[in-house]
Amino acid sequence: MLKFERKDVWDMRWATDNPDLFAMMEKTRMYVFRNLEPEEPILSSGYICSFQDLEIKAVLLDEILRDPENPNKDLILELEVKSLRDTRDLLEKVGIKDAQTFIEENPHPRLWRLLAEAAVEALDLTTAETAFVRCKDYPGIQFVKRLSNITNSTIQKAEVAAWFNQYDEAERLYLEVDRRDLAIQLRRKLGDWFKVLQLLKSGGGGTDRDVEEAWNCIGDYYSERHKWDEAVQYYEKARNDERLVKCYYILEDYDNLESLVDQLQPGDKLLPKIGSMFASVGMGQQAVEAYVKSNHVTAAIDTCVQLNHW
């Protein structure tokens, strides 16, 4: 039997990632226990939903039930345990070394992750690697190793900014050291093809194939959203006949579709497809011309039969 007793407890929950931690509600106070020792209470009347990563999620159920048809996100609370709050304060006001000492005395993966992020931001790569190892963050370890192989401090800062999803800042730092290629590579990874095209046009650093790729991807962006008119503009610049055929057909732009037949080489694989498109809307003559140019004479004859064009 444990020598542990509490009164007026109406809710409690164990931490899912640490068997020594649990939270409980006593009247209007929330207590977090570590090895049966309580931390400073937090004023709250919330029902505990989850306890993980040193964060407690609670819900003010009484408030919700007063007006259940109009719930409010403010009635869901996210509370941090004392060790997490103390670590943040140490990192902001004291320094990385003191925070590391505190975390070693109160170890938890969340705290090590917090230290790792602060160390990466300060380019303290030794501490960052140690912290990533302690919280078993393999991508973080690989990132620190990649940073250590970069000799330019500005590029290091740009990589860190990108790691923290500060993409505009990362791009600014790349351009500051005249590494437009890295800025383009970053935007390409993000799928931000509008920015890729802007960077390619404003300062070079890419080939005609790179520009064509950007045009195609922007065309794909618009076609995925069924904005066919905008998609056509970029597919035409990229000379992407296959996707232009689809856009013209959806837009019922048969004049441009017919012009495309004239531009294609005899035997092109798109011609039978265009022929079937013309046939589907009763444009027999245009369909026959497309089939004949593609050497699909049988298809041309069948189209004439179907449309009674004897």
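These remarks concern the structure in this document. (Residues numbered from 1 in each chain as written. Predicted model: local features only at pLDDT ≥ 70, side-chain atom pairs only at ≥ 80, totals over all residues. Heavy atoms only, no water.)

It is worth spelling out unusual backbone geometry at this point. Despite not being glycine, K27 shows a phi value in the positive range, around 55 degrees. A relative accessible area of 57% means that K27 is categorised as exposed. Despite not being glycine, D53 has its phi angle at roughly 55 degrees, a positive value. With respect to the secondary-structure elements, D53 resides in the loop between strand 6 (47-52) and strand 7 (55-59). With a relative accessible area of 25%, D53 lands in the partly exposed category. (Buried < 20%, exposed > 50% of the residue type's maximum accessible area, 1.4 Å probe, protein only. Helix = DSSP H or I, 4+ residues; strand = E, 2+ residues; numbered from the N terminus.)

To continue, consider the pattern of salt bridges. Scanning all chains against the criterion turns up 21 salt bridges. Of the charged contacts, one joins K195 and E171 as a salt bridge, the two residues approaching to 3.8 Å between their closest N and O atoms. Taken together, the residues K195 in helix 10 (residues 193-203) and E171 in helix 8 (residues 167-176) connect sequence positions 24 residues apart. Relative accessible area serves as the criterion here: at 24%, K195 is assigned to the partly exposed category. The closest approach of N and O atoms between D181 and R179, which form a salt bridge, is 2.9 Å. Take D181: its relative accessible area is 36%, and that puts it in the partly exposed class. What makes R179 partly exposed here is its relative accessible area of 30%. Each of the salt bridges in this network shares a partner with another, and the network as a whole consists of D168, E171, R187, D192 and K195. (Salt bridge = Lys/Arg side-chain N within 4 Å of Asp/Glu carboxyl O.)

All we've got here are geometric facts, nothing functional implied.
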